[in-house]
Amino acid sequence: MTTTVDASEIAKFEAMAAEWWDPNGKFKPLHMLNPCRLDYITSQIAEEFDRDLKAPRAFDGLRILDIGCGGGLLSEPMARLGATVVGVDAAERNIPVAQTHAAQSGLEIDYRFTTAEDMAAAGEQFDAVLNMEVVEHVSDPLAYLTACQQLLKPGGLHICSTINRNPKSFAMAIVGAEYVMRWLPKGTHEWSKFITPDELYDLMRRAGLEPVDRKGFVFNPITWGWSLSDRDLSVNYVTASLKPA
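In short, a report on the structure. (Residues numbered from 1 in each chain as written. Predicted model: local features only at pLDDT ≥ 70, side-chain atom pairs only at ≥ 80, totals over all residues. Heavy atoms only, no water.)

## Section: the pattern of salt bridges
Our working rule: We define a salt bridge as a side-chain nitrogen of Lys or Arg found within 4 Å of a carboxyl oxygen belonging to Asp or Glu. Secondary structure follows DSSP: runs of H or I at least 4 residues long count as helices, runs of E at least 2 residues long count as strands, and numbering of each begins at the N terminus. Buried, partly exposed and exposed residues are distinguished by accessible area as a fraction of the type maximum, computed with a 1.4 Å probe on protein chains only: under 20%, between the cut-offs, and over 50%, respectively.
A complete count under the given rule lists 13 salt bridges for this structure. Ionic pairing is found between Lys 168 and Asp 232, a salt bridge with its closest N-O pair at 3.9 Å. With a gap of 64 residues between them, Lys 168 in helix H7 (residues 167-180) and Asp 232 in the loop between strand E7 (225-229) and strand E8 (236-242) connect regions that are remote in the sequence. Since its relative accessible area comes to 25%, Asp 232 is described here as partly exposed. Here the residues in one salt-bridge network are Arg 63, Asp 110, Arg 112 and Glu 124, joined through shared partners.

## What to know about the pairing of E7
Where we set the bar: Strand pairing is assigned whenever DSSP detects at least two bridges linking the two strands.
Bridge analysis of strand E6 (residues 210-220) against E7 gives 5 bridges, and the strand direction is antiparallel. Each bridged residue has a counterpart across the sheet, and for Asn 220 the counterpart in E7 is Gly 225. Connecting E6 to the next strand, E7, in antiparallel fashion are 4 residues, including Trp 224 with a positive phi near 60°.

## Re the packing of aromatic side chains
Applied cut-off: The rule is short: rings of Phe, Tyr and Trp, with Trp giving its six-membered ring, pair when the centres are within 6.5 Å, and they are stacked under 30 degrees, edge-to-face over 60, tilted in between. Note on geometry: a ring has a charge over it if NZ (lysine) or CZ (arginine) is within 6 Å of the ring centre and within 35 degrees of the ring normal.
Under the defined criterion, the tally for this structure stands at 2 aromatic pairs. Geometrically, the ring pair formed by Phe 219 and Trp 224 is edge-to-face, given 5.1 Å between the ring centres and 70° between the ring planes. Phe 219 sits in the buried class, given a relative accessible area of 17%. On the basis of relative accessible area, Trp 224 is assigned to the partly exposed category, the value being 38%. On the numbers, 5.3 Å between centres and 55° between planes, the contact of Phe 219 with Trp 226 is tilted. For the pair shown, Phe 219 and Trp 226 are each scored as buried. Its guanidinium or amino end placed over the ring of Tyr 201, Arg 214 lies 4.4 Å from that ring's centre, counting from NZ or CZ.

## Quick word on the sheet that holds strand E1 (residues 63-67)
What holds strands together in a sheet is hydrogen bonding between their backbones, with the strands either parallel or antiparallel. Defined as follows: What counts as an axis is a line fitted to C-alpha atoms, over the stretch in contact for a helix, and the angles between N-to-C directions run from 0 to 180 degrees. In this description, contact between two residues means that some pair of their heavy atoms is separated by no more than 4.5 Å.
The 8 strands are arranged E3-E2-E1-E4-E5-E8-E6-E7 in an open sheet whose pairing can be described as mixed. Each edge of the open sheet carries a strand with a single partner, namely strand E3 (110-113) and E7. In this sheet, adjacent strand axes meet at a mean angle of 20° when their direction is disregarded. The strands that helix H4 (residues 94-104) touches are strand E2 (84-89) and E3; relative to E3, the one it contacts most, it runs at about 170°.

Here it is as structure tokens:
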């Protein structure tokens, strides 16, 4: 398996595999963030491919890759919108969890235990690649993003979210989420592997992608919910980029 996978990072997620669909379990932060993530992803895909999100099966005819699919929290909504979905994960134990839940939900999703690099080497091509909260866990972000670029058809859309690197992100994403709130197991994230928005834009350009948008995911402790922000990219943020046609 050709890979930028970091074995120690994968071991963390292997240990949590069975909890993916428990909204109050170890992935509670992702369940809380997921509606906000989906709002951004679906609106970007709809805009890029001129789709009406109010229409049934709005993503019919689109082939979408969800890298680091985990238990399928993003793959399933894409399939419900009519897309042909491939979900891949380098943590092998996640795949049967995702397959079982999709079957229970009556959804056909092609889940695979593989890497972005191996799929790119095999010549796979997609209209859109979802790359959510993965790039901060790989050993070589540029090589990984280059593989993501190779997986896109010309004119394809790449959506990538990660965590900024600054004192606030250390306080919120590590101290707050792992130690105070205990939303995540201690050691889930390494602050040194976080990437600033400007660094990510530079990496994407070097990988052959054209950045077109970025927004912040902002947590409000009063409403206990997430929202998108044009200005606040200080902790969690998401980007959209295109492969030149």
